[in-house]
Amino acid sequence: MAHIIVVGNEKGGAGKSTVSMHVATALARMGHSVATLDLDLRQKTLGRYLTNRLGFLEKQGLDLPTPAYHELPEIAQDSLQPGENAFDHRLSMAVAQMEADSDFILIDCPGSHTRLSQVAHSLADTLITPLNDSFIDFDLLAHVDSDGEEITGPSVYSELVWNARQLRAQAGLKPIDWVVVRNRVGAQAMVNKEKMERAIGKLAKRIGFRTAPGFNERVIFRELFPRGLTLLDLRDIGVKGMNISNVAARQELRDLIRALDLPGVTPDF
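Below you will find a few notes about this structure.

1. Here's the deal with the overall build of the chain
Reasoning step 1: Looking only at helices and strands, one finds nine helices and nine strands in the chain.
Reasoning step 2: Computed over the C-alpha atoms, the radius of gyration of the chain is 19 Å, within 12% of the 18 Å expected from 2.2 N^0.38 for a compact globule of 269 residues.
Reasoning step 3: Principal-axis analysis of the C-alpha atoms places the extent of the chain at approximately 55 × 55 × 35 Å.
Reasoning step 4: For the chain, buried positions account for 49% of its 269 residues.
Reasoning step 5: Partitioning the intrachain contacts of the chain with sequence separation of at least 6 by distance along the chain shows that 75% fall at a separation of at least 24.
Reasoning step 6: Of the roughly 12800 Å² of accessible surface on the chain, 51% is carried by carbon and sulfur atoms.
Reasoning step 7: Between the mean site of the 30 positive side-chain charges and the mean site of the 34 negative ones, the chain shows a separation of 5 Å.

In structure tokens:
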């Protein structure tokens, strides 16, 4: 049975699609069969990323490990049972199709609350939530007091995950391994960084997630998207002398994969 990874956060700009593409491609490069699904039916950033990759590889005559990309299947309305939701049915069909020959299924959710995202979270064996190092992003997980020190209560996204956990428990499935990935963490010991560190530590114990290091702000990620490439592809396309920033970003990816602790996965890049 495939291990399902869901990348979710109800706020745009947190780096969901960048994390999705790099995790999926890293797994493919390590020899795993990886299927992907983009539930942002409007923007489809992950879908565009993979389309760009296939186009670039064909143009350059390259054959690099690439995750398979799937679309939600279309269904006839008259095929639905009374009270059955069309999106639920399309998502379950897509997962069933991918599961047959995949080690991992990675689902990239939109930066908003949708029915598809809600159902996808209940399917997650591993849930990855990218989070910028900002109390604006943190507010989706929990509310804090004006000093940023005390947590006053859970917020909308934490409630969505709690509901997904309840559904999995009722179905007799194993609990979600929730991993909050901290992106764009500043290098300097600033007051905001220290407050965020304390707040995330308190919340992790309170609502049950692990934290993992993410990606710092780097120009390279914006440059890779048009060609559909990841940090791990640079040497394969002839980049011989990687600069310090690229080497550091590659190490960040290695640290992230290791921290996710996915079954049967050992970073070897």
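That was the structure; now back to the text.
2. Remarks on helix 6 (residues 156-170)
Reasoning step 1: Across its 15 residues, helix 6 extends 21 Å between first and last C-alpha, which sits within 8% of the 21 Å expected from 1.5 Å per residue.
Reasoning step 2: Turning to helix 6, its buried residues number three or more, namely Y157, S158, L160, V161, A164 and R168. Taken end-on, helix 6 shows its buried residues confined to a sector of 155 degrees, consistent with a single buried face. More than 90 degrees from the buried face of helix 6, the exposed residues found are W162, A169 and Q170.
Reasoning step 3: In this fold, the buried residues of helix 6 make contact with helix 4 (115-123), strand 5 (126-132), strand 7 (151-154), strand 8 (177-183) and helix 7 (191-207).
Reasoning step 4: Directly beyond the C-terminal end of helix 6, a positive phi value near 75 degrees is found at G172.

3. Here we look at the nonpolar core
Reasoning step 1: Counting residues in each nonpolar core, the largest one holds 40 residues, and the members touching the most others are V23, L27, L256 and I257.
Reasoning step 2: Looking at this core, the elements with two or more residues in it are strand 1 (3-7), helix 1 (16-29), helix 2 (45-60), strand 4 (104-108), strand 8, helix 8 (219-224) and helix 9 (244-260).
Reasoning step 3: Among the elements that take part in this core, helix 1 stands out by supplying seven residues, more than any other.
Reasoning step 4: In this view, L27 contacts I5, H32, V34, F104, L262 and V265; residues no more than four positions away in its chain are not counted.
Reasoning step 5: Counting residues in hydrophobic clusters, the runner-up holds 38 residues, among them I107, I176, W178 and V180.

4. Some words on the packing of helix 3 (residues 86-99) against helix 4
Reasoning step 1: Relative orientation of the contacting elements helix 3 and helix 4 amounts to 40 degrees, with a least axis distance of 9 Å. Considering their axes alone, helix 3 and helix 4 lie oblique with respect to each other. Crossing angle aside, the handedness with which helix 3 passes helix 4 is right-handed. In this structure, helix 3 uses F87, D88, L91 and V95 to contact helix 4, whose residues at the interface are R115, L116, V119, A120 and L123.
Reasoning step 2: Here the residues of the contact of helix 3 with helix 4 sort into seven nonpolar, no polar and two charged.

5. Observations regarding the environment of D38
Reasoning step 1: In this fold, D38 is placed in strand 2 (residues 34-38).
Reasoning step 2: Accessibility expressed as a relative area gives 4% for D38, which makes it buried.
Reasoning step 3: Distance in space between the C-alpha atoms of D38 and A68 is 11 Å, their sequence separation being 30 residues.
Reasoning step 4: For D38, the contacting residues outside a window of four places in its chain are K44, T45, L46, G47, Y69, H70 and D108.
Reasoning step 5: A polar contact is formed between the side chain of D38 and the backbone nitrogen of T45, at a distance of 3.2 Å.
Reasoning step 6: In terms of polar contacts, D38 uses its side chain to reach the backbone amide nitrogen of L46, at 3.0 Å.

6. Description of unusual backbone geometry
Reasoning step 1: Backbone geometry at K44 places phi at a positive 50 degrees, although glycine is not the residue there.
Reasoning step 2: By the element assignment, K44 lies in the loop between strand 2 and helix 2.

7. Let's talk about the layout of surface pockets
Over the atoms rolls a probe the size of a water molecule, and its path tells where empty space is left.
Reasoning step 1: In this structure, the largest pocket spans a volume of roughly 540 Å³.
Reasoning step 2: Broken down by secondary-structure element, the contributors of at least two residues to the lining of the largest pocket are helix 1, helix 2 and helix 8.
Reasoning step 3: When residues of the lining of the largest pocket are assigned to their parent elements, the largest contribution, four residues, is made by helix 1.
Reasoning step 4: Among the residues forming the lining of the largest pocket, the class breakdown is eight nonpolar, 10 polar and eight charged.

8. Description of the packing of aromatic side chains
Reasoning step 1: By the definition in use, this model includes five aromatic pairs.
Reasoning step 2: For the pair Y49 and F225, a centre-to-centre distance of 5.2 Å together with 80 degrees between the ring planes defines the contact as edge-to-face. Here Y49 is found in helix 2, whereas its partner F225 is found in the loop between helix 8 and helix 9, with 176 residues between them in sequence.
Reasoning step 3: For F225, a relative accessible area of 28% translates into the label partly exposed.
Reasoning step 4: Pairing W178 with F209 gives two aromatic rings, centres 5.2 Å apart and planes at 65 degrees, and the pair type is edge-to-face. Pair noted here: W178 is in strand 8 and F209 is in the loop between helix 7 and strand 9 (210-213), with a separation of 31 residues, a long-range link.
Reasoning step 5: Take F209: its relative accessible area is 8%, and that puts it in the buried class.

Parameters and conventions
- Residues numbered from 1 in each chain as written.
- Predicted model: local features only at pLDDT ≥ 70, side-chain atom pairs only at ≥ 80, totals over all residues.
- Heavy atoms only, no water.
- Helix = DSSP H or I, 4+ residues; strand = E, 2+ residues; numbered from the N terminus.
- Rg over C-alpha atoms; globule rule 2.2 N^0.38 Å.
- Buried < 20%, exposed > 50% of the residue type's maximum accessible area, 1.4 Å probe, protein only.
- Contact = heavy atoms within 4.5 Å.
- Areas by Shrake-Rupley, 256 points an atom, 1.4 Å probe, with all protein chains shown as cover.
- Lys, Arg positive; Asp, Glu negative; His and termini not counted.
- Charge placed at Lys NZ, Arg CZ, Asp CG, Glu CD.
- Expected span 1.5 Å × (residues − 1).
- Arc of directions from axis to C-beta.
- Core = buried A, V, L, I, M, F, W, Y, C linked by side-chain atoms within 4.5 Å.
- Axes fitted to C-alpha atoms, helices over the stretch in contact; angles between N-to-C directions.
- Parallel < 35°, antiparallel > 145°, perpendicular 65-115°, else oblique.
- Left-handed = near helix turned anticlockwise from the far one by under 90°.
- Nonpolar A, V, L, I, M, F, W, Y, C, P; charged D, E, K, R; others polar.
- Polar contact = N/O pair within 3.5 Å; in protein donor to acceptor, adjacent residues only side chain to side chain.
- 1 Å grid on protein atoms, 1.4 Å probe; cavity = no way out; pocket = protein on both sides within 12 Å on 5 of 7 lines; lining within 4 Å.
- Points joined across faces, edges and corners; volume = space filled by probe spheres on them.
- Phe/Tyr/Trp six-rings, centres within 6.5 Å; stacked < 30°, edge-to-face > 60°.

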